[in-house]
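Survey of secondary and tertiary structure
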There are 2 protein chains.
Amino acid sequence: MNITSRPIIVAIPLLFAAAAFAQATPAKPKTSAEIVAAAPASAWKVVADEDLLMIDLDGGQRVVIALAPAFAPVHVANIRALVRAGWFAGITVNRVQDNYVVQWGDATEKKPLPAGIVTPTPAEYERPLAGLKLRPLGYRDAYAQTTGHVGFWPVVSDGNAAWLTHCYGMVGVGRGLAPDTGSGAELYAVTGHAPRHLDRNIATVGRVIDGIEALTALPRGTEALGFYKEGTPRPAISRATIAADLPAAQRPHYQLLDSASPAFGEWVTARANRKDDFFIRPAGAVDICNALPPVRKSPV
Amino acid sequence: MNITSRPIIVAIPLLFAAAAFAQATPAKPKTSAEIVAAAPASAWKVVADEDLLMIDLDGGQRVVIALAPAFAPVHVANIRALVRAGWFAGITVNRVQDNYVVQWGDATEKKPLPAGIVTPTPAEYERPLAGLKLRPLGYRDAYAQTTGHVGFWPVVSDGNAAWLTHCYGMVGVGRGLAPDTGSGAELYAVTGHAPRHLDRNIATVGRVIDGIEALTALPRGTEALGFYKEGTPRPAISRATIAADLPAAQRPHYQLLDSASPAFGEWVTARANRKDDFFIRPAGAVDICNALPPVRKSPV
């Protein structure tokens, strides 16, 4: 998952040459990938079954989303209710805007919401910082005074409030012009350079932790804002599932590197100071969206 | 799409809806899209025919790249020589790594370089700031003390050196482990959150200004670093052309908003302080990669 921290823009044979060379020189500082590979089990935090949302597309691809009830409890409750009512089955991806978002929902906008959906839904753009254990990233940010992580979530805070920030892969709730018009029935995933200006303007409810290529490789929409032209065949969602609703033996499990672990601190430092054979000049910095906690699938 | 979904994620393409609304309420501050729409001809800077590279894929899609000879003159000269020798015809896209880069070159690594290629090629990771008219962005950056624009290029400087930064759509030169091993025959485009850590580690030679979806919507590679698996059919380049080599009447023309224009300053301010009907809380900031100069195709 953090493959991007490996020596990057080199031709295939040189890649392997680089790997071989690194093995031959164990004295070198560990790369972020090596730190992740060596992180103990205690450094990994599992995504709760109740927070693991799987969206299956008609083509057979699966997009896996970790939900963040600590940041948007009402929206997350709505999303679970929509899943459990089978509401997402048959809805479509309607918008694919390059370097911005992929968005899915009911294109007809007429599909009635099932019982149990709280609407109007509180905006939930932010929550109190109090009660959260924020690990500051430790590097300057272009938008905020403080960025960092809470567990495995990328978070921004102004000292009083805290909110999930719009990094690549983060999932938010589509809404109309009024703040309380987003129920969770229409969702989007960030698929470009972090649109941080959306922070505190939309409820952010989770992160795509597996299968994002099923969204990012879709044909771009040709209409304004990347919406598909009327009549264009749209990728359809065949099913959405919360892992907790599957028999225990059938539940997938995902873990993310816990920002509270010592390994995470090493990883951030290595991300900001890349010293593998490829890098001539380490940046000496990393922004919050280049420090998204690594993900791994786990047997249990 | 109707109003409840249209404004959900505001971006440059919203200009039509926003402009229509603004006409009814002239007192509202202009959106960045309105500023671009109203910018006078003098605010637009044309891409020189000699710097306009068109890459045609077998599928018929065209990727248009503006080259930056002021920042990587030897690499750009190499790229022109490769184009004029027909070298790019038949090479393939070999790497599509989600949220990172799409890279194309000679998968066999055996295709001899034509005459006129300067190799070894100077690293050209940076150049002196002296001689460049840098317009500071005016907002803090996560990686550098100074970011801004030179003409229509996104630039970072440490006060002595200046370099093009790795924003979405920027084009760089693949290389091996040694700094001088990238000729320009292997190129990549950034297709994810800005990998700013690559700055000053790779020569950056241009920006994709049209048709990037022909690269970003490609199937992701399944191997390490997003390389396509051996035997996977690879998107092939049918032809590469420098606009200057076409008859004048057949040359496409592109213009970008010039950072030296008053309109550009208004645009940056509006990008940092979005006030259209959708935004509740403007960010009050914008990072260099969310301030890539707008592009338009022009008749002449």
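Residues numbered from 1 in each chain as written. Chains lettered and ligands numbered in written order. Predicted model: local features only at pLDDT ≥ 70, side-chain atom pairs only at ≥ 80, totals over all residues. Heavy atoms only, no water.

Under an unreviewed UniProt entry, chain A has the name peptidylprolyl isomerase and belongs to Sphingomonas montanisoli.

**Notes on the overall build of chain A**
Along its length, chain A carries five helices and 16 strands. In summary, chain A has a C-alpha radius of gyration of 20 Å against a globular reference of 19 Å for 300 residues, a match within 12%. Overall size of chain A, expressed as C-alpha extent along the three principal axes, is 60 × 45 × 45 Å. The long-range fraction of contacts in chain A, counting pairs at least 24 apart against all pairs at least 6 apart in sequence, stands at 73%. Accessible surface, chain A as shown: approximately 11000 Å² in total, 58% of it carbon and sulfur. Taken together, the 29 basic and 26 acidic charged side chains of chain A have centroids lying 5 Å from each other. (Helix = DSSP H or I, 4+ residues; strand = E, 2+ residues; numbered from the N terminus. Rg over C-alpha atoms; globule rule 2.2 N^0.38 Å. Contact = heavy atoms within 4.5 Å. Areas by Shrake-Rupley, 256 points an atom, 1.4 Å probe, with all protein chains shown as cover. Lys, Arg positive; Asp, Glu negative; His and termini not counted. Charge placed at Lys NZ, Arg CZ, Asp CG, Glu CD.)

**What about the pairing of strand E2 (residues 52-57) of chain A?**
All names here are of chain A. Counting buried residues in E2 gives six out of six residues, a clear majority hidden from the surface. Side chains Leu52, Met54 and Asp56 project from E2 onto one buried face, and the interleaved Leu53, Ile55 and Leu57 project onto a second face that is buried too. Relative to strand E3 (residues 62-67), E2 runs antiparallel, the two sharing five bridges. From the neighbouring strand, aspartate 56 faces E3, where its bridge partner is arginine 62. What sits between E2 and E3 in their antiparallel hairpin is a turn of four residues, with glycine 60 showing a positive phi close to 105 degrees. (Buried < 20%, exposed > 50% of the residue type's maximum accessible area, 1.4 Å probe, protein only. Pairing = 2+ DSSP bridges.)

**Here's the deal with the state of the cysteines**
Residue and element names in this part refer to chain A. Scanning the model with the defined rule gives two disulfides over all chains in all. There is a disulfide in this structure between cysteine 167 and cysteine 289, and the S-S distance comes to 2.0 Å. Across the S-S bond linking cysteine 167 and cysteine 289, the dihedral sits near -75 degrees, which makes this disulfide left-handed. Here cysteine 289 lies in the loop between helix H5 (262-272) and strand E16 (295-298) and cysteine 167 lies in the loop between strand E10 (161-164) and strand E11 (170-173), a separation of 122 residues in the sequence. (Disulfide = S-S within 2.5 Å.)

**Details of the packing of aromatic side chains**
Using the criterion set out here, one finds eight aromatic pairs over all chains in the structure. Between phenylalanine 278 of chain B and phenylalanine 279 of chain B, the ring centres sit 5.4 Å apart and the planes meet at 85 degrees, which makes this aromatic pair edge-to-face. Comparing phenylalanine 278 of chain B with phenylalanine 279 of chain B, the two get one shared label, buried. Against the face of phenylalanine 278 of chain B rests arginine 175 of chain A, its NZ or CZ located 3.8 Å from the ring centre. (Phe/Tyr/Trp six-rings, centres within 6.5 Å; stacked < 30°, edge-to-face > 60°. Lys NZ or Arg CZ within 6 Å of the ring centre and 35° of its normal.)

**A few points about the interface of chain A and chain B**
Taken together, the 71 residues of chain A in the interface contact 68 residues of chain B. Buried surface at the junction of chain A and chain B, both sides included, amounts to about 6400 Å², of which 59% is carbon and sulfur. One salt bridge connects glutamate 126 of chain A with arginine 281 of chain B, and the closest N-O pair in it is separated by 3.5 Å. Counting across the interface, chain A meets chain B through 28 residue pairs in polar contact (both at pLDDT 80 or more). Elements with a minimum of two residues in the side of chain A that touches chain B: helix H1 (12-23), strand E4 (92-97), strand E5 (101-105) and helix H4 (213-216) of chain A. The dominant element in the side of chain A that touches chain B, judged by the number of residues it contributes, is H1 of chain A, at five residues. (Buried area = accessible area lost by both parts, 1.4 Å probe. Salt bridge = Lys/Arg side-chain N within 4 Å of Asp/Glu carboxyl O. Polar contact = N/O pair within 3.5 Å; in protein donor to acceptor, adjacent residues only side chain to side chain.)

**Remarks on the sheet that holds E10 of chain A**
All names here are of chain A. An order of E6-E10-E9-E8-E7 is seen for the five strands of this open sheet, with the pairing classed as antiparallel. Pairing within the sheet leaves two strands with one partner each, and these edge strands are strand E6 (127-128) and strand E7 (134-136). Note: E7 against strand E8 (residues 146-150), three bridges, orientation antiparallel. Bridged to leucine 134 within E8 is valine 150.

**Notes on unusual backbone geometry**
Residue and element names in this part refer to chain A. Looking along the chain, the bond that leaves threonine 119 and enters proline 120 is cis, with omega of 0 degrees. Among the structural elements, proline 120 can be located in the loop between E5 and E6. In this structure, glutamate 109 takes a positive phi of about 60 degrees despite not being glycine. Note that glutamate 109 resides in the loop between E5 and E6.

**Examining the relation of the copies chain A and chain B**
Overlay of chain A on chain B (RMSD 0.0 Å): rotation 180 degrees, translation along the axis 0.0 Å. The relationship between the two copies is best expressed as a two-fold rotation axis. Taken as a fraction of all interface residues of chain A, those also at the interface in chain B reach 89%, which identifies the copy contact as same-surface. (Least-squares fit on C-alpha atoms with pLDDT ≥ 70 in both.)

**Describing the UniProt feature "domain: PPIase cyclophilin-type" (unreviewed entry) in chain A**
Mapped onto the present numbering, the UniProt feature "domain: PPIase cyclophilin-type" (unreviewed entry) falls at residues 62-244 of chain A. Counting secondary structure, residues 62-244 of chain A comes out at 9% helix and 31% strand; the distance between its end C-alpha atoms is 17 Å. (UniProt positions renumbered as here; feature names shortened; annotations may be inferred.)

**Quick notes on the environment of histidine 75 of chain A**
Here histidine 75 of chain A is to be found in helix H3 (residues 73-84). A sequence separation of 108 residues divides histidine 75 of chain A from serine 183 of chain A, and the C-alpha atoms of the two residues are 6.2 Å apart.

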